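What the coordinates show
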Amino acid sequence: MELLTIGAFAKASRLSPKALRLYDELGLLTPARVDPVTGYRLYAPEQLDQARLVAWLRRLGMPLARIRHVCALEAGPAAEEVRAFWAEVEADTAARRDLAAFLIDHLSRKDEDPAMPPTTKPLGIRYAALSDTGLVRESNQDTVHAGSRLLAVADGYGSKGAPASAAAVDALKSLETGSFPAGPLLNVLEDAIDQAKQAVHGVSGLAPSSEETGTTLTAMLWTGSQLALVHIGDSRVYLLRDGELFQITHDHTMVQSMVDEGRLSPEEAASHPQRSLLIRALAHGADSAPDMRLHDARQKDRYLLCSDGLYTVVPAEDIRRVLSGISEPEQTVRELVALANGSGGPDNISCVVADVVELQR
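The paragraphs below set out a description of the structure included in this document. The structure displayed is predicted, hence computed values, not measured ones.

1. Concerning the nonpolar core
If you look at the biggest cluster of nonpolar residues, it comprises 28 residues, and the most contacted ones within it are L185, L189, L217 and L282. Taken together, the elements giving at least two residues each to this core come down to β6 (150–157), α6 (161–172), α7 (185–204), β8 (217–222), β9 (226–232) and β13 (291–296). Ranked by the residues each element gives to this core, the list is headed by α7, at nine residues. Those residues in contact with L282, other than ones at most four positions away along the chain, are A168, A196, K197, V200, T213, G214, T215, L217, I232 and S288. In terms of nonpolar packing, the next biggest core, distinct from the first, is built from 21 residues, F9, A19, Y43 and L57 among them.

So, in structure tokens, the structure goes:
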């Protein structure tokens, strides 16, 4: 069979000769023969399919090392790998979209004329928090906080889980009093998360070296007209608006990533034996990058922050019914905890409920 010169092969595969030389050096697309005299690379026509696959994967933005892995697979597993890669790209794009929206909103507000009088009535929050050991666990490793500015839930794990969750929430409490530090709100939140991370590392360093200790952290900061969200782990925030319940956080768990990649259905994820395995947390060696976004406050909105001890045993419709049917936050958190315990209470249960209300002048 006649071999193709690098120029002819480049034209047929839509890869440049320069790219083909690079892929040869990397062992990704080795020529069928190299002329011993001229050093010219020669390719077999049957290599075109792989070359075109490499070109398409590069157009997707896939790193070369991962392309090498995909090209070594059979068609079915290769398709699954491409699907998984694209799910990761979409998740990263969504995170950057949230950050872009955060920055756009923040910069737009900085540009507003401070001399202009507010056009809306002043809003505030009324809130309540409750944490319960549940009916199975010997101790409570959750920590909750609800104040006029800060709402937080942290779910610790490991032998020092309780101190870890408490340290993470305590590190954010400086946001509760006084004025915000100078600088963009985004920087304020990142600094607070860094402090929480260091506090947790200080606690986890006291645990046995063979045991992993850490915590999730989900918090909302009231700015007077918005709630700024920071989220790491699998505690959740729900928003009840106009009678409808929305989950506004994304679980940082292995099974949720498998759902995102199409490897599991949501129903399969709910009963998966590793559904609590975290891929982001405040812990040594863990990815602790938080999700951050701003939510414009709307009068009569109701927010629920909770640990997985609630939502894994209480159906979303029951959560919605309680949030819709009980007006006082104190009674609401008690009823939610009671529902979780009524379903066996297999884990610690923590809830924070906050209502956006009009302030009385």
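2. Structural notes on helix α11 (residues 316–325)
Given 3.6 residues per turn, any residue in an α-helix points the same way as the ones three and four places further on. Those residues of α11 that sit buried are I319, V322 and L323. The arc that holds every buried residue of α11, seen down its axis, measures 95°, which confines them to one face.

3. Notes on the environment of A44
Positionally, A44 belongs in the loop between β3 (41–43) and α3 (48–60). A C-alpha to C-alpha distance of 5.8 Å links A44 and A32, two positions 12 residues apart in sequence. Not counting chain neighbours up to four residues away, the residues in contact with A44 comprise L3, F9 and A32.

4. Here's the deal with the pattern of salt bridges
Applying the stated criterion to the full structure yields 16 salt bridges. Across the pair E328 and R126 runs a salt bridge whose closest N-O atoms are separated by 3.5 Å. With a gap of 202 residues between them, E328 in the loop between α11 and α12 (329–342) and R126 in strand β4 (residues 123–132) connect regions that are remote in the sequence. D170 is paired through a salt bridge with K173; the nearest N and O atoms lie 3.2 Å apart. For D170, a relative accessible area of 45% puts it in the partly exposed group. Taken together, the shared-partner salt bridges in this structure form one network comprising R126, R302, E328 and D355.

Criteria and thresholds
- Residues numbered from 1 in each chain as written.
- Predicted model: local features only at pLDDT ≥ 70, side-chain atom pairs only at ≥ 80, totals over all residues.
- Heavy atoms only, no water.
- Core = buried A, V, L, I, M, F, W, Y, C linked by side-chain atoms within 4.5 Å.
- Buried < 20%, exposed > 50% of the residue type's maximum accessible area, 1.4 Å probe, protein only.
- Helix = DSSP H or I, 4+ residues; strand = E, 2+ residues; numbered from the N terminus.
- Contact = heavy atoms within 4.5 Å.
- Arc of directions from axis to C-beta.
- Salt bridge = Lys/Arg side-chain N within 4 Å of Asp/Glu carboxyl O.

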